[in-house]
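# Descriptive analysis of the structure
Chain residues, written in single-letter form:
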Amino acid sequence: MSARNAGFQQWQSYLNNRNKRTKAGRFLVQGVRPITQAVDHDWPLESLLYRVGGPHLSDWARSVLDTTPIPTIGLVPDLIAELGEKSAAAPELIAVAKVRTPDLATWNPAGQAPVIVVFDRPTSPGNLGTLIRSANAFGAAAVVVSGHAADQFDPQCVRASTGSLFAIPVMRISDTSDMVTFRDRQRALGVDLAIVGTDESGPKVVYDHDFTGGTILVVGNETRGMSAGWRDSCDAVVQIPIGGAASSLGAPSAGGICLYEIARQRASLNS
């Protein structure tokens, strides 16, 4: 492809038009690791766009094209550079992926003490992607995005997750009642889950709370923190003690610290 035809314009709209992504049920995957993770985790891909012209494709790109049974479309460097949002160099590959969002109402985690991370109304796709990456790194079973919030299929989120979006279920709920219903259903199945919120004024510091049981960790909105509905639904609220001139931690940092503490406690229990 060498012209900005209707197909190209459709792909381009996935970069910054959430409505177009949602309506089409498609999004773009940029970068070596995200594309590799999407392929390795059998994420449904519609097509692979590859660069034609310029330097030879790398062994990685050639291998993906030769071993993945997905339709491929060649784009001249200028066009694929636009879709890759790179001004310096045209990317070798971009994947056009299909949207896939599990339903919390029918999803069941593995094990008797799962960790599920809830991000309450995140506004930044990059922050959401960073928290998805941390959740995956520290062994969480899933990430749940609550309320009117950033889109996990926004290119910024996909890049920030460095491929973890494809390795861990990411679900969406409208409000707290969906999670309370899920918690109660899991308890009826014998999986004891506690909803633990994070807040700078929490009555207990994070390392004094017992996280060895099943945990639904709630991370609040970047500006306003947890909503009143989430606070009322929590079985416990913890804080992260900080010093220096900082007045608070960013939401992804707070979530990452709590996830590390959960992993630390569980490793100590099993050592």
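If you check an unreviewed UniProt entry, the chain appears there as RNA methyltransferase from Antrihabitans stalactiti.

Pairing is parallel across the open sheet formed by seven strands, whose spatial order is β7-β6-β5-β10-β8-β11-β9. Edge strands, defined here as strands with exactly one partner in the open sheet, are β7 (170-173) and β9 (204-205). With five bridges joining them, strand β5 (residues 115-120) and strand β6 (residues 142-146) adopt parallel strand pairing. Each residue of the ladder has a partner; that of Asp-120, found in β6, is Ser-146.

Attention now moves to the packing of helix α1 (residues 6-16) against helix α5 (residues 77-84). It is at 9 Å that the axes of α1 and α5 come closest, and there the two elements cross at 25°. Classified by the angle between their axes, α1 and α5 sit roughly parallel to one another. Facing Phe-8, Trp-11, Gln-12 and Leu-15 of α1, the residues of α5 in contact are Leu-79, Glu-82 and Leu-83. Its residues assigned to classes, the contact of α1 with α5 comprises five nonpolar, one polar and one charged.

Reading the values: the criteria
- Residues numbered from 1 in each chain as written.
- Predicted model: local features only at pLDDT ≥ 70, side-chain atom pairs only at ≥ 80, totals over all residues.
- Heavy atoms only, no water.
- Pairing = 2+ DSSP bridges.
- Helix = DSSP H or I, 4+ residues; strand = E, 2+ residues; numbered from the N terminus.
- Axes fitted to C-alpha atoms, helices over the stretch in contact; angles between N-to-C directions.
- Parallel < 35°, antiparallel > 145°, perpendicular 65-115°, else oblique.
- Contact = heavy atoms within 4.5 Å.
- Nonpolar A, V, L, I, M, F, W, Y, C, P; charged D, E, K, R; others polar.

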